[in-house]
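Analysis of the macromolecular model
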Amino acid sequence: MGFVRISPELGLLFDPLKGVVAEQREDVVLYTFDPVMDRIERLDAIADDLMNQLVPDNELLESYKNRGKTSLIGGLYTNVWVGFIIGLVISFVVLIGMVFSDPAKLEMLRKAMGGA
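These numbers come from a predicted model, not from an experiment.

Rules used in this analysis
- Residues numbered from 1 in each chain as written.
- Predicted model: local features only at pLDDT ≥ 70, side-chain atom pairs only at ≥ 80, totals over all residues.
- Heavy atoms only, no water.
- Helix = DSSP H or I, 4+ residues; strand = E, 2+ residues; numbered from the N terminus.
- Rg over C-alpha atoms; globule rule 2.2 N^0.38 Å.
- Contact = heavy atoms within 4.5 Å.
- Lys, Arg positive; Asp, Glu negative; His and termini not counted.
- Charge placed at Lys NZ, Arg CZ, Asp CG, Glu CD.
- Phe/Tyr/Trp six-rings, centres within 6.5 Å; stacked < 30°, edge-to-face > 60°.
- Buried < 20%, exposed > 50% of the residue type's maximum accessible area, 1.4 Å probe, protein only.
- Patch = residues over 30% accessible without salt bridge, like charges linked within 9 Å, V, L, I, M, F, W, Y side chains within 5 Å.
- Areas by Shrake-Rupley, 256 points an atom, 1.4 Å probe, with all protein chains shown as cover.
- Salt bridge = Lys/Arg side-chain N within 4 Å of Asp/Glu carboxyl O.

**Some words on the overall build of the protein chain**
Helices and strands together make up the secondary structure of the protein chain, namely three helices and three strands. The secondary structure elements of the protein chain, listed N-terminal to C-terminal, are β-β-β-α-α-α. On C-alpha atoms alone, the protein chain measures out to a radius of gyration of 36 Å, which is more than a quarter above the 13 Å that the 2.2 N^0.38 rule sets for 116 residues. Nonlocal contacts in the protein chain, meaning residues at least 24 apart in sequence, comprise 8% of its contacts between residues at least 6 apart. When the 11 basic and 16 acidic side-chain charges of the protein chain are each reduced to a single mean position, those positions are 15 Å apart.

This is the structure in structure tokens:
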């Protein structure tokens, strides 16, 4: 925070962080960190958002309100469908392996397909 000038004629300043009234001096350079603190707070919020991305049910910084569980639900549906497809492929490979390993089943498959 900056200083509050109480009386420019008398050279009095008020420091709101310390609660002290002090004399303004010409040999001291005063600099306010308000713009820097705003940027630091923004970077702190971005760092917290990066940590929130590691947990699927936390709300993200630039997302709409009440969208905290969307990553969790989306990941669940994606994993269910990918698991279903992988299960079908494995079942097909096992079925084909069983048919081609037994000559009787292979002959039955040929008759079912319309061959002699």
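**Concerning the packing of aromatic side chains**
The description of two aromatic rings rests on the distance between their centres and on the angle between their planes. Applying the stated criterion across every chain, the model contains one aromatic pair. Pairing Trp 81 with Phe 84 gives two aromatic rings, centres 6.1 Å apart and planes at 90°, and the pair type is edge-to-face. Of this pair, Trp 81 and Phe 84 both sit in helix α2 (residues 70-101), three residues apart, roughly one helical turn. A relative accessible area of 47% places Phe 84 in the partly exposed class.

**Some remarks on a negative patch on the surface**
A cluster of acidic residues, Asp 34, Asp 38, Glu 41, Asp 44 and Asp 48, forms a negative patch at the surface. Counting through the fold element by element, Asp 34 comes out in helix α1 (residues 34-52).

**As for the pattern of salt bridges**
Summed over all chains, the structure comprises two salt bridges. Among the salt bridges present, the one from Arg 42 reaches Glu 62, with a minimum N-O distance of 3.6 Å. A residue pair is termed long-range when its members are at least 10 positions apart, and Arg 42 in helix α1 and Glu 62 in the loop between α1 and α2 qualify at 20 residues. A salt bridge links Arg 110 to Glu 107; the nearest nitrogen and oxygen atoms lie 3.8 Å apart. Here the residue Arg 110 and the residue Glu 107 both occupy positions in helix α3 (residues 103-112), the gap between them amounting to three residues, near one helical turn. A relative accessible area of 45% means that Arg 110 is categorised as partly exposed. Judged by relative accessible area, which is 32%, Glu 107 ranks as partly exposed.

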